[in-house]
Structure formats: structure tokens, C-alpha cells
Amino acid sequence: MLVSPDFPNVTRFTVAISKEDVLNWIKTYAQVIAENEAFLTDLDAQIGDADHGANMNRGFKAVLTKLPAQEDKDISTILKTVGMTLLSTVGGAGGPLYSTIFLELGKTLADKEEIDLADWANALEAAEKGVQNRGKAVPGDKTMVDALEPAVAALKEALAQNLSFDEALQKSAVAAHEGMLATIPLVARKGRASYLGERSAGHQDPGATSTYFLIDTAAKTWAKQNTHK
Amino acid sequence: MKKLINKPEDVVLEELQGIELAHPDLVKVHYDPNFIYRADAPVKGKVAIVSGGGSGHEPMHGGYVGKGMLDAACPGAVFTSPTPDQVLEATKTVDGGAGVLHIVKNYTGDIMNFEMAADLARGEGIEVEAVVVNDDVAVEDSLYTAGRRGVGLTVLMEKIVGAAAEEGRSLKECADLARKVNSQGRSMGMALTSCTVPHVGKPTFDLPEDEMEIGIGIHGEPGRTRMKIQPADKITELLLKPIVEDLPFKAGDEVLLFVNSMGGTPLIELYIVYRKAFKLLEEMGIKVVRNLIGPYITSLEMAGASITLLKMDEELKKLWDAPVLTPGMRWGI
């Protein structure tokens, strides 16, 4: 029985995310990025500079080569290693931003043997704040934040409603998906797409898309296929 | 895609190997992390100038490493900013004890990666200042964008500030000079064709045979407006007018007129543009006292051109004329 100080109503967590789950999430995400490299690059070509898919794939390929040496480390160390690897391999705006996500997750989850939903919500919220600070973007600017922010909000709401582990993760993935789609009509205010002004409207943001994949991959790889609370 | 390359993923590495073999007297190349630096670095007591950005803009930035210009340049992947570890290592390598100035083009990725590198370098006890170039008048509304892009003026800034550092000016003086150049220069570019990023394999945007894109950046990103193609004189007017009005440049001003090829446009066409721009400026009472014409900041094989105007004074003229010896620019030596 775990009680989170941030979510005092939530007292019944028996399902947690293990180190193996975290590793599995990262590996699966690397695969999702590889499969969607051309798709992400196509999205970027429409409103940016056609490199998001290639940059992310280069970074996560490098992460995959680093992971075997990390398998006996703790969750926090693994996440920080992913962050540092992305920082030196991705480049562009995505490099510092995705690096920030993993470094913040690693910082927030320090000393955790396994993480429960409340930990995950806190960590993801720290990641979201880190991305906002680094990129100076707010929701509605047509960036990664537009997928990340609703995912965090949905997780917190699910916790408050005492939803099951699987349901909560599923809700955050759905919210990230909606956030991603909601970037389509937006006029970009940050990042390279912002130079297009009104012409950036009508295109889905590539950064919000790769962020949705990240949240969705977590929901899919961590689903315990049960509704235990 | 038709390109003179081996494998798309090897383009930057093999380019660096070529530069290393071609110019051993001027530069050295460090691999993993990648950067090009002055063969005689660090120059003791001199402020070091470091720049960098995505590859695909050659000769910028690597071609401008050498005496009288940059001390190091960090090439990212094609059209992708370099990573902080590259910038950090380059900064440490060329620091001659007088501090390091980062010249950063205003793109979200470049700013973030250079900021992180500067923080890390300061943490290691190196004095670092950064100056951001944002001269592109095509970006009208800086409130709702990431701000104006750094384009053609970057080349002029690297030359002028490089000369000042060579003269022995302090880090603060070099940074102030860079800001002065930024405040006095404006640019705008246009494309006749798109370009193909090697690892993408197809053109970044479709541009019909009879259309052009006005107000492009240097990464194959679409511009602000698209219109039917016009004669060179008309295009020159379309580019020059917003530049002149923005600063504004006024009668009596002396300027450096820089007509740049985006990569695919030949010199014969640049001179046609130069001729018209010179005449238009003359009619406005603006005197061209220096010029630069050629492919100096490119977007791979894109056809098109950009115009940059820099308001000159005696100080800037002297620094512009100072000797420079780099793979991409050399005079006076």
C-alpha cells in the first residue's frame, strides 16, 4: 500500500513500474521512432526543416547501444544516461528538449527501486516543466508541450479519480494523442515552424507527434492487462 | 535523389576528412565530437571566436576557420545544430586564456545547444560570451515566432569580429562589436528551387517550375510567400526594399552589399542581382563601399539568392579589409 503525499486520496496502488518496464519502454520507443522516422521527417518537411525523424532515430540508436551496460543500474541512472546520450547525438531543438525530459525523469525518480503512478505523474510533470523552461514554449505554441501537458494533466486527474493503473496510462496516452491532433490548426509560435506564420496552420507538429509516441509507448508497454487498483 | 555522395549518413564525416586533407596548413579537424579548429590554436592571449550550425551551408562555418576569422566551427548534421559536447570541446580547445565568443544564429536548436555548452564551459572556468545573429527581415512578427533568423549577416560578423580578435581586442569589446554588426545589418533571401537533404532523399518542398519562394531561411524551410517567378530586377527589388525599410538605411549611408548564392545559383546571375541592387541603392543615395558576391552561406544545391546590407563606418571598413586566411575567404595575406 502506497500513499503519495501529492495525491492523498490515492491509497491503493499495487501495480508499479519496474526497472525492466522502464528499459522495455525505452527500447520499444526506439523501435517506434525507427519505424516512424520517415513519417516524422515528412511532418517536419511541411513546416520545418525535414530532420526530426532522422535526428530522433540517430539519438535512440545511440541509446540502444548504451543500454546493455545500464541494465544493472537503477532507474534514475538509466534515465539520466538516456538523457546524456540524446544530448550528444540528436542535435537540433529536439536534442536538448528530449534530453531534458529524460534528465528530469531521472532526477525526479532518484533512488526509486520501482515507480508507482503518482511517481510517474510527478516525474512527467517535472519533465514537462523542464521542457517549457528550456524551450520557452507554453501550451498552444504548436510544440512538444501540446502533447506533454495534457498527458500530465490526464494522469493527475486519473490519480484523483482513483482509476486503475492501466486506465490512467491509457488516459494519458489518449490525452497526448488529442493534444497532438490539436496542434494541426495551430499557428506555430516557437521553433522553426513559427517562421511560416499562418502557413504553419493545417499541419501536425512533428515534436508533439514524437512526444505522443513516447507517452503512448509507455501506456502500451506498461499495461498490466488488468484493472487492479 | 541525384547527389555526389557515398552514403547519406557519411556525408558530414567525409566532408570533414576532405577539409582536413585539403587545408592542413590552415585547420585541424577533431572527430567525435566533431569540430574544425585553427591549426595554430589556441592562440595565447587572443579572444577565440567559435561558431557552428548545421552542415549544408558550406563554406560557412568550417570554411571560415583560420587567421582573422573563426578559431573553431562545430558542424552538426545537415541542417541540424551541433550538440553541446561539440561546442564545449571546441571552446576548450581554442581558449587562449582571453575568453571565447560564441557566434550563434537565431534558431531554437542552435540557441539551446550553445546555451548548454556555454554553461558547461563556464563551469570549467572559461569565460564565454554569446552573441546571437538575427538579421532576416522576412520574419515580420518576432512576438509570435522564435524571432528573426540568423542568415547572411553571420558571414560578415564572423569576418569583422574575427579581425577584431586578431587585433587583440578584449572579449567584451569583441562581443560589443558583434552586437553592433547585428544591429546594423539586415538580410532577405529567395528560392527558385528547393533542396534535398541527403538523408531525406527528396526535396524539402515542392516549388512548381513557374513559382518562387520569397523570404526563405537557409534550411530549405518554406518562406513567407510564394509567387509567380519575376525577372531578376523585380526580384532584387522585392528583396532589397524590405531590407532598406527595416533598419532603415538612409541617404548618405555607406554600406557593404552582399549578394549570396543559396548554392545552385551561378555567379552570372548574382552579378545581375548585384547590378540592380547597386543601382537601386544609388538612387536612394546609399553608397556601396564594400561588397561580397558569391556562395558564402548556402542551402545545399538550392537555387536562389539572398541580399545582405551592412551599414559601414571607418571601424567596420578597416576590420573588413584586414587580412584573412581561411579555406573559404582569403585576402590581404
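Just so it is clear, the structure is predicted and the values come from calculations on it, not from any experiment. (Residues numbered from 1 in each chain as written. Chains lettered and ligands numbered in written order. Predicted model: local features only at pLDDT ≥ 70, side-chain atom pairs only at ≥ 80, totals over all residues.)

1. Quick look at the overall build of chain B
The number of helices and strands found in chain B is eight helices and 14 strands. Relative to the compact-globule value of 20 Å for 333 residues, chain B shows a C-alpha radius of gyration of 19 Å, a close match. Over its C-alpha atoms, taken along the principal directions, chain B stretches across nearly 50 × 50 × 40 Å. By the burial criterion, 56% of the 333 residues in chain B qualify as buried. Within chain B, residue pairs in contact and separated by at least 24 positions form 72% of the contacts whose partners lie at least 6 positions apart. (Helix = DSSP H or I, 4+ residues; strand = E, 2+ residues; numbered from the N terminus. Rg over C-alpha atoms; globule rule 2.2 N^0.38 Å. Buried ≥ 20, exposed ≤ 12 C-beta atoms within 10 Å, placed from the backbone. Contact = placed C-beta atoms within 7 Å.)

2. A word on the pairing of strand S8 (residues 211-214) of chain B
Residues and elements named next belong to chain B. One ladder, built from two bridges, connects strand S7 (residues 185-191) with S8; its direction is antiparallel. Bridge pairing in S8 places Ala191 opposite Glu213. Pairing of S8 with strand S9 (residues 225-228) involves four bridges; the strand directions are antiparallel. For Met212, the partnering residue across the bridge sits in S9 and is Met227. (Pairing = 2+ DSSP bridges.)

3. What to know about the sheet that holds strand S11 (residues 287-294) of chain B
Residue and element names in this part refer to chain B. Pairing is mixed across the open sheet formed by six strands, whose spatial order is S9-S8-S7-S12-S10-S11. A strand with exactly one partner marks an edge of an open sheet, and here the two such strands are S9 and S11. Pairwise comparison of adjacent strand axes, ignoring direction, gives a mean angle of 20° for this sheet. With respect to the sheet, helix H6 (residues 232-246) is in contact with S7, S8 and strand S12 (304-311), its orientation differing from that of S7 by roughly 155°. (Axes fitted to C-alpha atoms, helices over the stretch in contact; angles between N-to-C directions.)

4. Notes on H6(B)
All names here are of chain B. Compared with the 21 Å implied by 1.5 Å per residue over 15 residues, the 22 Å span of H6 between its first and last C-alpha is a close match. Residues of H6 that are buried: Ile235, Thr236, Leu239, Leu240, Ile243 and Val244. In this structure, the buried residues of H6 make contact with S7, helix H7 (267-283) and S12. (Expected span 1.5 Å × (residues − 1).)

5. A look at the packing of helix H7 (residues 145-160) of chain A against helix H8 (residues 165-182) of chain A
All names here are of chain A. In the contact formed by H7 and H8, the axes pass within 7 Å of each other and the chain directions differ by 150°. With respect to H8, the element H7 is oriented roughly antiparallel. Here the hand of the crossing between H7 and H8 comes out right-handed. Side by side, H7 and H8 meet where Asp146, Ala147, Glu149, Pro150, Ala151, Ala153, Ala154, Leu155, Ala158 and Leu159 of the first sit next to Glu167, Ala168, Lys171, Ser172, Ala175, Ala176, Glu178, Gly179, Met180 and Ala182 of the second. Of the residues belonging to the contact of H7 with H8, the class tally is 13 nonpolar, two polar and five charged. (Parallel < 35°, antiparallel > 145°, perpendicular 65-115°, else oblique. Left-handed = near helix turned anticlockwise from the far one by under 90°. Nonpolar A, V, L, I, M, F, W, Y, C, P; charged D, E, K, R; others polar.)

6. Observations regarding the domain arrangement of chain B
Residue and element names in this part refer to chain B. Domain boundaries in chain B define domain 1 (12-184 + 321-331) and domain 2 (185-314). Taking the mean C-alpha position of each, domain 1 and domain 2 sit 23 Å from one another. With 22 residues of domain 1 in contact, the opposing surface of domain 2 contributes 30 residues. Breaking the side of domain 1 that touches domain 2 down by element, the ones donating at least two residues are helix H4 (153-166) and helix H5 (171-184). Looking at which element gives the most residues to the side of domain 1 that touches domain 2, the answer is H4, with four residues. Its residues assigned to classes, the side of domain 1 that touches domain 2 shows 11 nonpolar, seven polar and four charged. (Domains from an automatic or database assignment.)

7. Describing the pairing of strand S3 (residues 48-55) of chain B
Residues and elements named next belong to chain B. With eight of eight residues buried, S3 lies mostly within the body of the structure. Where S3 and strand S5 (residues 100-105) come together, four bridges link them in parallel fashion. Note that in S5 the partner of Ile49 across the bridge is Leu101. Across five bridges, the pairing between S3 and strand S4 (residues 72-78) is parallel. Paired with Gly52 across the strands is Cys74, a residue of S4.

8. Some remarks on the sheet that holds strand S2 (residues 35-38) of chain B
All names here are of chain B. If you trace the six strands from one edge of the open sheet to the other, you get S1-S2-S4-S3-S5-S6, paired in mixed fashion. A strand with exactly one partner marks an edge of an open sheet, and here the two such strands are strand S1 (27-30) and strand S6 (128-133). Between one strand and the next, the sheet's axes are offset by a mean angle of 20°, whatever the strand orientation. Here H4 sits on the sheet in contact with S3, S5 and S6, set at roughly 170° to S5. Docked against the sheet, H5 engages S5 and S6, running at close to 5° with respect to S6.

9. What to know about the interface of chain A and chain B
Accessible area lost when the parts come together is the quantity often used to give the size of an interface. Listed as interface residues are 27 residues of chain A and, on the opposing side, 31 residues of chain B. Among the secondary structure elements, those contributing two or more residues to the side of chain A that touches chain B are helix H2 (37-47), helix H3 (52-66), helix H4 (75-89), helix H5 (94-108) and helix H6 (117-135) of chain A. A total of three residues in the side of chain A that touches chain B trace back to one element, the largest contributor, which is H4(A). Here the residues of the side of chain A that touches chain B sort into eight nonpolar, 12 polar and seven charged.

10. As for the environment of Asn133(A)
Within the secondary structure, Asn133(A) is located in helix H6. Asn133(A) sits 30 residues away from Leu103(A) along the chain, and the two C-alpha atoms are 13 Å apart.

11. Things to note about the nonpolar core
Ranked by size, the top nonpolar core spans 165 residues in total, and within it Ala151(A), Leu155(A), Ala72(B), Leu101(B), Ile160(B), Val161(B) and Ala178(B) carry the most contacts. Core analysis: the second largest hydrophobic core is formed by eight residues, Ala45(A), Ala50(A), Ala77(B) and Val197(B) among them. (Core = buried A, V, L, I, M, F, W, Y, C linked by C-beta atoms within 7 Å.)

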